Amino acid sequence: MDHSMHHADMDMPGHGHGHGDMDMGGQCKMNMIFTWSSTDLCIIFRQWHIRGPWSLFLSLLAIVFLTAGYEAVRQITRRYEVGRAQRLQAFSATVSTGDHEAADAPASANFPPLPVANATTTTISGESHIHNSSLPLLVGRDHRQAVLRRGKVVLAALYAIQVFYSFFIMLLFMTYNGLVMLAVGVGAFVGYLVFGDDAPATKVVACH
């Protein structure tokens, strides 16, 4: 009897170990070498777990859209830079025109020199009022500085999004899965076709 109990004790751990192997089958596999296998593939997150052909197809489609979205962010950044440059150029032209008009204004010999530059004096009910013609130019310069500051913040935010996006795509490539890599390449192709405009096709090989 003791001998049979001993065998039962030996069988029990083996039986439990078999259940452990079954539980391990659904966990993520991390590959450090190139592979085409999608069995128990997890893409970046544990929750993004490939469990069958449909989840693989939908995941590859999502990767294509994600990578194309990176080109969309780059297009938004380029268009914002162009629009910001045009606004700043318009401000510069307005201020320059105002300065030339003030410099070309004829000086009247019937009035003494005014203490305020670009100012005219009018008398209403016996009171003198000074109107400074340079005030609109000062307001224009102040508004240009506001556009510069706001544009700098927006460009910094767009740059941060691009850096985050590029590193996310790099993590997709680091799955070492050939299907995922192909999806990234297809997404870049589609993104350039849709959002590339006249941007140069050359790109420096870097993380961002």
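Everything numeric in this text was worked out from a predicted model, so none of it was measured.

1. A short note on the nonpolar core
Step number 1: Counting residues in hydrophobic clusters, the biggest one holds 17 residues, and the most contacted among them are Ile 43, Trp 48, Ile 50, Ile 63, Leu 172 and Val 180.
Step number 2: Breaking this core down by element, the ones donating at least two residues are helix H2 (53-104), helix H3 (135-173) and helix H4 (178-195).
Step number 3: At six residues, H2 tops the list of elements feeding residues into this core.
Step number 4: Those residues in contact with Trp 48 that lie beyond four places of it in its chain are Leu 41, Cys 42, Ile 43, Ser 59, Ile 63, Leu 66 and Leu 172.

2. Comments concerning the state of the cysteines
Step number 1: Scanning all chains against the criterion turns up one disulfide.
Step number 2: Each disulfide pairs two cysteine sulfurs, and for Cys 28 the partner residue is Cys 42, the sulfurs being separated by 1.8 Å. Between Cys 28 and Cys 42 the sulfur-sulfur dihedral comes to about -70°; the bridge is accordingly left-handed. Pair noted here: Cys 28 is in the loop between helix H1 (2-24) and H2 and Cys 42 is in the loop between H1 and H2, with a separation of 14 residues, a long-range link.
Step number 3: The class of Cys 28 is partly exposed, set by a relative accessible area of 28%.

3. Remarks on empty space enclosed by the protein
Sizing a probe to match a water molecule and rolling it over the atoms shows the empty space that remains.
Step number 1: On inspection of all chains with the given rule, the structure shows one cavity of 30 Å³ or more.
Step number 2: There is about 30 Å³ of room inside the largest cavity.
Step number 3: Lining the largest cavity are Glu 71, Arg 74, Arg 78, Tyr 192, Phe 195, Gly 196, Ala 199 and Pro 200.
Step number 4: Of all elements in the fold, only H2 and H4 reach the threshold of two or more residues within the lining of the largest cavity.
Step number 5: No other element matches H2, which puts three residues into the lining of the largest cavity.

4. Let's talk about the UniProt feature "transmembrane region" (unreviewed entry) in the protein
Step number 1: Mapped onto this numbering, the UniProt entry gives "transmembrane region" (unreviewed entry) at residues 54-73, 153-173 and 179-195.
Step number 2: Spanning residues 54-73, this segment combines 100% helix with 0% strand, and its end C-alpha atoms are found 29 Å apart.
Step number 3: When the span residues 153-173 is considered, its composition is 100% helix and 0% strand, and the gap between its end C-alpha atoms is 31 Å.

5. Some remarks on the side chain of His 49
Step number 1: The residue His 49 is located in the loop between H1 and H2 in this model.
Step number 2: Given a relative accessible area of 9%, His 49 falls into the buried group.
Step number 3: Excluding residues within four positions of it along the chain, His 49 makes contact with Gly 26, Gln 27, Cys 28, Asp 40, Leu 41, Cys 42 and Ser 55.

6. Some words on a nonpolar patch on the surface
Step number 1: A contiguous nonpolar patch, built from Trp 54, Phe 57, Leu 58, Leu 61 and Phe 65 and spanning about 620 Å² of accessible area, is present on the exposed surface.
Step number 2: By secondary structure assignment, the location of Leu 61 is in helix H2.
Step number 3: When its relative accessible area of 38% is taken as the criterion, Leu 61 is described as partly exposed.

7. A word on unusual backbone geometry
Step number 1: Positive phi outside glycine occurs at Asp 40, with the angle close to 55°.
Step number 2: Its place among the elements puts Asp 40 in the loop between H1 and H2.
Step number 3: Residue Asp 40 is classed as buried on the basis of its relative accessible area, which comes to 16%.
Step number 4: Even without glycine at this site, Tyr 176 takes up a positive phi of about 60°.

8. Concerning the pattern of salt bridges
Step number 1: Taken as a whole and assessed by the stated rule, the structure comprises two salt bridges.
Step number 2: The residue Glu 71 makes a salt bridge to Arg 74 at a minimum N-O spacing of 3.5 Å. One end of the pair is Glu 71 and the other is Arg 74, both in helix H2 and three residues apart, which spans about a single turn.
Step number 3: Arg 79 serves as the salt-bridge partner of Asp 197, at 3.6 Å between the closest nitrogen and oxygen.

Basis of the calculations
Residues numbered from 1 in each chain as written. Predicted model: local features only at pLDDT ≥ 70, side-chain atom pairs only at ≥ 80, totals over all residues. Heavy atoms only, no water. Core = buried A, V, L, I, M, F, W, Y, C linked by side-chain atoms within 4.5 Å. Buried < 20%, exposed > 50% of the residue type's maximum accessible area, 1.4 Å probe, protein only. Helix = DSSP H or I, 4+ residues; strand = E, 2+ residues; numbered from the N terminus. Contact = heavy atoms within 4.5 Å. Disulfide = S-S within 2.5 Å. 1 Å grid on protein atoms, 1.4 Å probe; cavity = no way out; pocket = protein on both sides within 12 Å on 5 of 7 lines; lining within 4 Å. Points joined across faces, edges and corners; volume = space filled by probe spheres on them. UniProt positions renumbered as here; feature names shortened; annotations may be inferred. Patch = residues over 30% accessible without salt bridge, like charges linked within 9 Å, V, L, I, M, F, W, Y side chains within 5 Å. Areas by Shrake-Rupley, 256 points an atom, 1.4 Å probe, with all protein chains shown as cover. Salt bridge = Lys/Arg side-chain N within 4 Å of Asp/Glu carboxyl O.

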